[in-house]
Amino acid sequence: MISKRMESALNEQINKEMFSAFLYMSMSADCADKGLKGSSVWFMTQYHEEMVHAMKIYEYIQKQGAKVRLVALEEPQQEFASLSDMFDKTLEHEKLVTSSINDLMNLAVEERDHATQAFLNWYVTEQVEEEDTAMDIIQRIKLIGDNSSGLYMLDKELGARTVSVPTDFSTGVESAMGGE
Ligand code: OFO
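Residues numbered from 1 in each chain as written. Predicted model: local features only at pLDDT ≥ 70, side-chain atom pairs only at ≥ 80, totals over all residues. Heavy atoms only, no water.

K.L.:
When you look at the overall build of the protein chain in this model, what are you seeing that I'm missing?
P.N.:
A count of helical and extended segments in the protein chain gives six helices and zero strands. In the protein chain, the succession of α and β elements from N to C terminus is α-α-α-α-α-α. In terms of overall dimensions, the protein chain is globule-like: its C-alpha atoms have a radius of gyration of 17 Å, near the 16 Å expected for 180 residues. Considering only C-alpha atoms, the protein chain reaches an extent of 55 × 30 × 30 Å along its principal axes. When each of the 180 residues of the protein chain is scored for burial, the buried share is 47%. Total accessible area computed for the protein chain in this model is approximately 9700 Å², and 53% of it derives from carbon and sulfur atoms. (Helix = DSSP H or I, 4+ residues; strand = E, 2+ residues; numbered from the N terminus. Rg over C-alpha atoms; globule rule 2.2 N^0.38 Å. Buried < 20%, exposed > 50% of the residue type's maximum accessible area, 1.4 Å probe, protein only. Areas by Shrake-Rupley, 256 points an atom, 1.4 Å probe, with all protein chains shown as cover.)

If you want it as structure tokens, here you go:
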């Protein structure tokens with residue numbers, strides 16, 4: 001059982017995770033338009049990961065006997081100046097998500113909601129990874145500078161990323177990730 005306040009905060013987080021998915025799908029499309037095929041794959045993989053972040057919360061709310069409430073998603077930015085701009089915005093966005101997860105955790109602590117604290121621990125760890133990955137790619141883009149063969153190699157490497165999360169939600173994300 002979770003509080004009404006927690007139910008509402010978790011539903012807001014579903015929206016934020018789905019907006020993240022939407023934003024990265026938009027970046028994927030823009031990469032494809034710019035001929036950055038590998039980066040397009042990287043961002044589409046990121047889209048899938050964000051959908052799983054949303055679905056894990058969806059399942060958690062239902063398991064707690066609470067109500068999932070979906071609201072409209074904000075329109076994401078459609079065009080970006082460069083790959084560098086996209087990763088700068090990725091890091092900026094992930095920092096916002098980290099802050100949102102921290103707010104949720106603070107609420108769970110305040111309410112002595114141990115189950116939600118345990119659930120949110122996964123997201124706390126995940127956000128460290130998300131920010132670290134974005135910072136690492138930003139650093140590499142800076143090292144590459146205007147070197148087009150460097151950009152070509154990075155794009156190729158980013159394209160090797162594969163989806164490691166379940167994409168069929170019908171079986172349940174938690175069970176598909178070995179969570180139960
Ligand atoms: Fe990018 O971690 Fe969820 O939003």
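Now that the structure has been shown, we can carry on.
K.L.:
Would you mind going over the pattern of salt bridges with me for this structure?
P.N.:
Should the charged atoms of two oppositely charged side chains come close, the side chains can pair. According to the stated counting rule, one finds seven salt bridges in the structure shown. Notably, a salt bridge pairs Glu7 with Lys4, separated by 3.4 Å at the nearest N-O pair. Taken together, the residues span about one helical turn, with Glu7 and Lys4 both in helix 1 (residues 4-33) at a distance of three residues. With a relative accessible area of 8%, Glu7 lands in the buried category. Note that Glu174 is salt-bridged to Lys56, the shortest N-O span being 2.8 Å. Here the residue Glu174 occupies a position in helix 6 (residues 173-176), and Lys56 occupies one in helix 2 (residues 37-63), the gap between them amounting to 118 residues. With respect to class, Glu174 is no different from Lys56; both count as buried. (Salt bridge = Lys/Arg side-chain N within 4 Å of Asp/Glu carboxyl O.)

K.L.:
What am I meant to see in the side chain of Asp155 here?
P.N.:
Within the element layout of this structure, Asp155 appears in helix 5 (residues 148-158). Although Asp155 is buried, it makes no salt bridge; Lys37 carries the closest opposite charge, 8.7 Å away. For Asp155, the contacting residues outside a window of four places in its chain are Gly35, Leu36, Lys37, Gly38 and Ser39. (Lys, Arg positive; Asp, Glu negative; His and termini not counted. Contact = heavy atoms within 4.5 Å.)

K.L.:
Help me understand the environment of Asp146 in this model?
P.N.:
Following the sequence through the fold, Asp146 ends up in the loop between helix 4 (114-144) and helix 5. As a C-alpha pair, Asp146 and Met105 span 41 residues in sequence and 42 Å in three-dimensional space.

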